[in-house]
Amino acid sequence: MVTMSTAPKIWTRETGLVEKRDLWAAMKRGFRGRCPRCGEGKLFRAFLKTADNCASCGLDFTPHRADDLPAYLVIVIVGHIVVPTILWIETNYTTPVWLSFVAYLPFTFFASLGLLQPVKGAVVGLQWALRMHGFDDNPPDGIPPV
């Protein structure tokens, strides 16, 4: 059985002074593939591999844990665009099956591929702004790092 420390945490002026992080600005910077803190350095070193740190401000990107969330969000976004469009076209026009496959499959593939990196950047920006997964400078006591 693990026992938690019952000592009260003493709040001082210094513990309350933390860096202000704007959620929407961080997500927008991440969506553009830039550092969520400064917006200058590159977030990615390869298509979906984040850099180890920002070349401009030195922010460490290694604690991020985007996992599968960007892929799920891309599926939701592209699905909400493609499915209503296909339903509208197929109910109002008669198109041959081969034409449907030639039109819908490449669009779905390239739209998904094109959104994957920006959505992952936005998720990393969200994690940084909310101080999730190691992006907090002062993590609470008793919580092990991931």
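Residues numbered from 1 in each chain as written. Predicted model: local features only at pLDDT ≥ 70, side-chain atom pairs only at ≥ 80, totals over all residues. Heavy atoms only, no water.

Assignment of secondary structure puts Asn 53 in the loop between α2 (23–31) and α3 (69–92). Counting along the chain gives ten residues from Asn 53 to Leu 43, while the straight-line C-alpha distance between them is 7.9 Å. (Helix = DSSP H or I, 4+ residues; strand = E, 2+ residues; numbered from the N terminus.)

Here the focus is the nonpolar core. Grouped together as the largest cluster of nonpolar side chains are twelve residues: Ala 26, Cys 35, Leu 43, Phe 44, Ala 51, Cys 54, Leu 59, Phe 61, Val 124, Trp 128, Ala 129 and Phe 135. No other element matches the three residues that helix α4 (residues 97–129) contributes to this core. When near neighbours in sequence (up to four residues on either side) are disregarded, Val 124 contacts Leu 43, His 64 and Phe 135. Among the nonpolar cores identified, the runner-up in size contains six residues, and Val 74, Val 78, Leu 116 and Val 119 belong to it. (Core = buried A, V, L, I, M, F, W, Y, C linked by side-chain atoms within 4.5 Å. Buried < 20%, exposed > 50% of the residue type's maximum accessible area, 1.4 Å probe, protein only. Contact = heavy atoms within 4.5 Å.)

A word on α3. Compared with an ideal rise of 1.5 Å per residue, which puts 24 residues at 34 Å, α3 spans 35 Å between its outermost C-alpha atoms and is within 8% of the ideal. The sharpest bend along α3 reaches about 30 degrees and sits at Gly 79. Residues Pro 70, Val 74, Val 78 and Val 82 constitute the buried set of α3. Its buried side turned inward, α3 meets α4. (Expected span 1.5 Å × (residues − 1). Bend = angle between axes of the 7 residues up to and from the residue.)

A cluster of nonpolar side chains, contributed by Leu 69, Tyr 72, Leu 73, Ile 75, Ile 77, Ile 81 and Phe 107, occupies part of the molecular surface with about 660 Å² of accessible area. With six residues, α3 is the largest single contributor of residues to the nonpolar patch. Among the structural elements, Ile 77 can be located in helix α3. Residue classification places Ile 77 among the partly exposed positions, given a relative accessible area of 36%. (Patch = residues over 30% accessible without salt bridge, like charges linked within 9 Å, V, L, I, M, F, W, Y side chains within 5 Å. Areas by Shrake-Rupley, 256 points an atom, 1.4 Å probe, with all protein chains shown as cover. Salt bridge = Lys/Arg side-chain N within 4 Å of Asp/Glu carboxyl O.)

That is the geometry; function is a separate question.
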